[in-house]
Amino acid sequence: MANDVTIIGGGIVGLATAHALIEQQPGLRITVLDKERHWGAHQTGHNSGVIHSGLYYPPGSTKARFARAGGEAMYRFCADHGIPVRRTGKVVVATSPDQLDRLAELHRRGTANGVAVTELDRAGLREREPNVAGIRALEVPDAGITDFAEVARKLAQLLAERGVDLRSGTELLGVRQDPAQLVLLTSDGEIRTRRAVNCAGLHSDAVAELAGTTPPARVLPFRGEYYETTSFTRDLVNALVYPVPDPAFPFLGVHLTRMIDGGLHIGPNAVPALAREGYRWGAISPEHLRRLVRDPGLRVLAKKYWRTGAAEIARSAVKPLFVRAAQRLLPGLRGHDLLRSEAGVRAQAVAPDGTLVDDFLVVQDSRWVHVLNAPSPAATASLLIGRDIAERLAKD
Ligand SMILES: Cc1cc2nc3c(=O)[nH]c(=O)nc-3n(C[C@H](O)[C@H](O)[C@H](O)COP(=O)(O)OP(=O)(O)OC[C@H]3O[C@@H](n4cnc5c(N)ncnc54)[C@H](O)[C@@H]3O)c2cc1C
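Bear in mind the structure is a predicted one, so any value in this text is a computation, not a measurement.

1. As for the UniProt feature "domain: FAD dependent oxidoreductase" (unreviewed entry) in the chain
Then, in step 1: Within the UniProt annotation, "domain: FAD dependent oxidoreductase" (unreviewed entry) is assigned to residues 4-392.
Then, in step 2: End C-alpha atoms of residues 4-392 are separated by 14 Å, and the span's content is 33% helix alongside 26% strand.

Below, the structure is given as C-alpha cells:
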C-alpha cells in the first residue's frame, strides 16, 4: 500500500514537517528518509544554535513572520521536552559611526516586526557586555540559545513513538511518476507514496530535478567556519554579540556566541564552498564545479561579489585576518586563545539573475512540496515551517 506522505531529508525542517503532519492528521502514513545514518547530520547539526527573534527580516516576509512565532514555539518545545535552552538576549553592536544609520534601520525593522528592541549607549553596552567595544547597540531580550541537533533527535524520537516510519541511511536516487502514485527509488528499494516533501537542504534543487521540476533557484553552498576560545577566555562574553550586518548579504556577519554548553564560538564567516557538503577546504566536487561554470546565476553572482568573496577566502585561509575582524567587537581576544572548530555549510538559493534569495522559498505542485531555500533562521522557525507545509498538504 502506498504511503500518504514521504519526506526527503531528516534535518530539523523535514522532522518538524512530519511532526506537524502527525499532529494535524493522526493516522496519516508518513515516512521520513535521510541519506545519513543519524538525524540532523548537516545544517541542523552544524550551526550557532541561536533562537532568532525576527529583528533582521523585511516586514511582511515569511522569515519575519516565522522567526518571531517560531522562536516562541521553539522555546516552548525545548521547555516541554527537557532540551537545554536559555533566553539570553543579544546585542547588535555598531563599532563605527558609519554603521549608525544601519543600526537605526534595524531598530525600525525590529519594531515593525513586533520584536522588543531597546537602544544602548556606550555605558549601557559596557554594563551588558563589559569586554565588547562599540559606540551604540541594540538589545534584543528575546533571542536565545539551544542545540538544534538535540531538537532534531527529540523530534525523531517523538515521531517513532507516533508510528512514523523513519529510515536513516536511505538516499533518494530517482523518482518515477505512476498515474496513481509516486515511486521513490532509494538506496534501500522503492517507496510508493501519494505525496512527497523535499526538505533536502543542500541537495534540495537536485531533488527537485529528480522529481521533474525545474527549480526557480539553485543552491550555492557557503561554508561557515568557526573558532572556539579556550575555557579560560570564554567569559569574555556573557551571551550573544552580533555586528551590524552588511545589507547586501543575507548572512549576519561573524558573531560571538556563548553556546548552550557555555563555550564561546566565534563565527561563522561565509566562504563559497566547492562542494555541496564542502566542510573543508579540500572538499571539492567536480559536479559542483561544473554547475559553477555552467549556471548563469552563479556566474553573475561570482562577478558581483568577487571582492567580498576574496576577502572572506582570505579571512578563512589566514587566521590573523579572522582574529583582527573579531577583535573589532572583542579587542581583548588573542589569536592563541582560538582553536578552529567544526564548520557548517549553508544552503543558500541563488536566482537565475544572480541574486541571493532572501526569503524562504517553497514551491508546490499536485504531488510535491519543495523547500528550496531554508537558510537561517529556518532552525528557529522550523516548527512554523513544518506547520505551514502540513497545512499546504491538508488543503489539497
Ligand atoms: C554555519 C551555520 C549557522 C547557522 N546558524 C543558525 C542559527 O543560529 N539559528 C538558526 O535558526 N539557523 C541557523 N542556521 C540555519 C539552520 O541551520 C538551517 O536553516 C536549518 O538547519 C535547515 O534545516 P533543513 O532541515 O532544511 O536542512 P538540513 O539540516 O541540511 O537537512 C537536510 C537533510 O536532507 C538530507 N538529504 C539531502 N539529500 C538527500 C537525498 N537525496 N536523500 C535523502 N536525504 C537527503 C541530508 O542528509 C540532510 O540531513 C545556520 C546554518 C549554518 C550552516
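2. Looking at the nonpolar core
Then, in step 1: Within the largest apolar cluster, 44 residues are counted, with the highest numbers of intra-cluster contacts made by Ile7 and Val151.
Then, in step 2: Contributing elements (two or more residues each) for this core: strand 1 (3-8), helix 1 (12-24), strand 2 (30-33), helix 2 (62-80), helix 5 (148-161), strand 19 (368-373) and helix 11 (378-395).
Then, in step 3: It is helix 11 that contributes the most residues to this core, 9 residues altogether.
Then, in step 4: Setting aside anything within four residues of it in sequence, one finds Ile7 in contact with Gly14, Thr17, Ala18, Leu21, Ile30, Thr31, Val32, Leu33, Val197 and Cys199.
Then, in step 5: Leu125, Ala137, Leu256 and Leu264 belong to the second largest nonpolar core, which has 21 residues in total.

3. Examining the site of the ligand
Then, in step 1: Around the ligand sit 38 residues in total, of which Asp34, Thr44, Val50, Ala374 and Thr380 are the nearest.
Then, in step 2: Measuring from a nitrogen atom of the ligand, one finds a backbone N or O atom of Leu172 at 2.9 Å.
Then, in step 3: For the shell around the ligand, the elements supplying multiple residues, two or more each, are helix 1, strand 17 (338-350) and helix 11.
Then, in step 4: Take the shell around the ligand: its biggest share by element is 3 residues, from helix 11.
Then, in step 5: Broken down by class, the residue content of the shell around the ligand amounts to 18 nonpolar, 15 polar and 5 charged.
Then, in step 6: When we break the shell around the ligand down by domain, the ones giving at least three residues each are domain 1 (1-86 + 143-217 + 358-396) and domain 2 (218-356).

4. Digging into helix 11
Then, in step 1: Most pronounced at Leu384, the bend in helix 11 amounts to some 40 degrees.
Then, in step 2: Residues of helix 11 that are buried include every one of Ala378, Ala379, Thr380, Ala381, Ser382, Leu383, Leu384, Ile385, Gly386, Ile389, Ala390 and Leu393, and no others.

5. A short note on the pattern of salt bridges
Then, in step 1: Summed over the entire model, instances satisfying the criterion amount to 28 salt bridges.
Then, in step 2: Between Glu190 and Arg192 there is a salt bridge whose closest N-O contact spans 3.1 Å.
Then, in step 3: Taking relative accessible area as the criterion, Arg192 reaches 33% and is therefore assigned partly exposed.
Then, in step 4: Its salt-bridge partner being Glu209, residue Arg218 comes within 2.6 Å of it at the nearest N-O pair.
Then, in step 5: Linked through salt bridges whose partners overlap, the residues forming this network are Arg176, Asp178, Glu190 and Arg192.

6. Focus on helix 3 (residues 100-112)
Then, in step 1: Taking 1.5 Å as the rise per residue, helix 3 with 13 residues should run 18 Å; its terminal C-alpha atoms sit 18 Å apart, in good agreement.
Then, in step 2: Of all the positions in helix 3, only Leu103, Leu106, His107 and Gly110 are classed as buried. Viewed along the axis of helix 3, the buried residues span an arc of 105 degrees, placing them on a single side of the element. Residues of helix 3 that are exposed and point over 90 degrees away from its buried face: Asp101, Arg108 and Ala112.
Then, in step 3: In this structure, the buried residues of helix 3 make contact with strand 4 (90-94), strand 5 (118-121) and strand 6 (136-140).

7. With respect to the side chain of Thr170
Then, in step 1: Here Thr170 shows up in the loop between strand 8 (165-167) and strand 9 (172-177).
Then, in step 2: The class for Thr170 is buried, based on a relative accessible area of 2%.
Then, in step 3: When neighbours within four sequence positions are excluded, Thr170 is seen to be in contact with Leu33, Asp34, Lys35, Thr186, Ser187 and Asp188.

8. Comments concerning the packing of helix 1 against helix 11
Helix-helix packing is characterised by the crossing angle of the two axes and by the distance between the axes.
Then, in step 1: Following both chains from N to C, one finds helix 1 and helix 11 inclined at 45 degrees, their axes separated by 7 Å at the closest point. Between helix 1 and helix 11, the angle falls in the class oblique. At the point where helix 1 passes helix 11, the crossing takes the right-handed sense. Contacts from Ile12, Val13, Ala16, Thr17, Ala20, Leu21 and Gln24 of helix 1 reach helix 11 at Ala378, Ala379, Ser382, Leu383, Ile385, Gly386, Arg387, Ile389, Ala390, Glu391 and Leu393.
Then, in step 2: Of the residues in the contact of helix 1 with helix 11, the class split is 12 nonpolar, 4 polar and 2 charged.

9. Regarding unusual backbone geometry
Then, in step 1: For the bond running from Gly267 to Pro268, omega is -5 degrees, close enough to zero to count as cis.
Then, in step 2: Note on placement: Pro268 falls in the loop between strand 15 (264-267) and strand 16 (271-272).

10. Some points on the pairing of strand 4
Then, in step 1: When you tally the buried positions in strand 4, you get 5 out of 5 residues, the bulk of the element.
Then, in step 2: Note that strand 4 and strand 6 share 5 bridges and pair antiparallel. Looking at strand 6, one finds that Val93 is bridged to Ala137.
Then, in step 3: Bridging between strand 4 and strand 13 (residues 240-243) involves 4 bridges; their strand directions are parallel.

11. A short note on the environment of Pro26
Then, in step 1: Assignment of secondary structure puts Pro26 in the loop between helix 1 and strand 2.
Then, in step 2: Through-space distance from the C-alpha of Pro26 to that of Arg162 is 8.6 Å; in sequence the pair is 136 residues apart.

12. A look at the packing of helix 1 against helix 5
Then, in step 1: Where helix 1 contacts helix 5, the two axes come as close as 9 Å, and the packing angle between them is 35 degrees. Considering the relative orientation of helix 1 and helix 5, their crossing is left-handed. On the side of helix 1, the interface is formed by Ile12, Leu15, Ala16, Ala18, His19 and Ile22, while helix 5 contributes Phe148, Val151, Ala152, Leu155, Ala156, Leu158 and Leu159.
Then, in step 2: For the contact of helix 1 with helix 5, the per-class residue count stands at 12 nonpolar, 1 polar and no charged.

13. A look at the packing of aromatic side chains
Then, in step 1: Summed over all chains, the structure comprises 4 aromatic pairs.
Then, in step 2: Measuring from centroid to centroid gives 6.4 Å for Tyr56 and Tyr242, while their planes differ by 50 degrees, and the two rings are tilted. You can see Tyr56 sitting in the loop between strand 3 (50-51) and helix 2 and its partner Tyr242 sitting in strand 13, a full 186 residues away along the chain. With respect to burial, Tyr56 and Tyr242 carry one shared label: buried.
Then, in step 3: Taken together, the aromatic side chains of Tyr56, Tyr57 and Tyr242 make up a single cluster linked through ring pairs.
Then, in step 4: For Arg87, the ring lying beneath its charged end belongs to Tyr75, and the centroid distance is 3.9 Å.

Analysis parameters
Residues numbered from 1 in each chain as written. Predicted model: local features only at pLDDT ≥ 70, side-chain atom pairs only at ≥ 80, totals over all residues. Heavy atoms only, no water. UniProt positions renumbered as here; feature names shortened; annotations may be inferred. Helix = DSSP H or I, 4+ residues; strand = E, 2+ residues; numbered from the N terminus. Core = buried A, V, L, I, M, F, W, Y, C linked by side-chain atoms within 4.5 Å. Buried < 20%, exposed > 50% of the residue type's maximum accessible area, 1.4 Å probe, protein only. Contact = heavy atoms within 4.5 Å. Near = heavy atom within 4 Å. Polar contact = N/O pair within 3.5 Å; in protein donor to acceptor, adjacent residues only side chain to side chain. Nonpolar A, V, L, I, M, F, W, Y, C, P; charged D, E, K, R; others polar. Domains from an automatic or database assignment. Bend = angle between axes of the 7 residues up to and from the residue. Salt bridge = Lys/Arg side-chain N within 4 Å of Asp/Glu carboxyl O. Expected span 1.5 Å × (residues − 1). Arc of directions from axis to C-beta. Axes fitted to C-alpha atoms, helices over the stretch in contact; angles between N-to-C directions. Parallel < 35°, antiparallel > 145°, perpendicular 65-115°, else oblique. Left-handed = near helix turned anticlockwise from the far one by under 90°. Pairing = 2+ DSSP bridges. Phe/Tyr/Trp six-rings, centres within 6.5 Å; stacked < 30°, edge-to-face > 60°. Lys NZ or Arg CZ within 6 Å of the ring centre and 35° of its normal.

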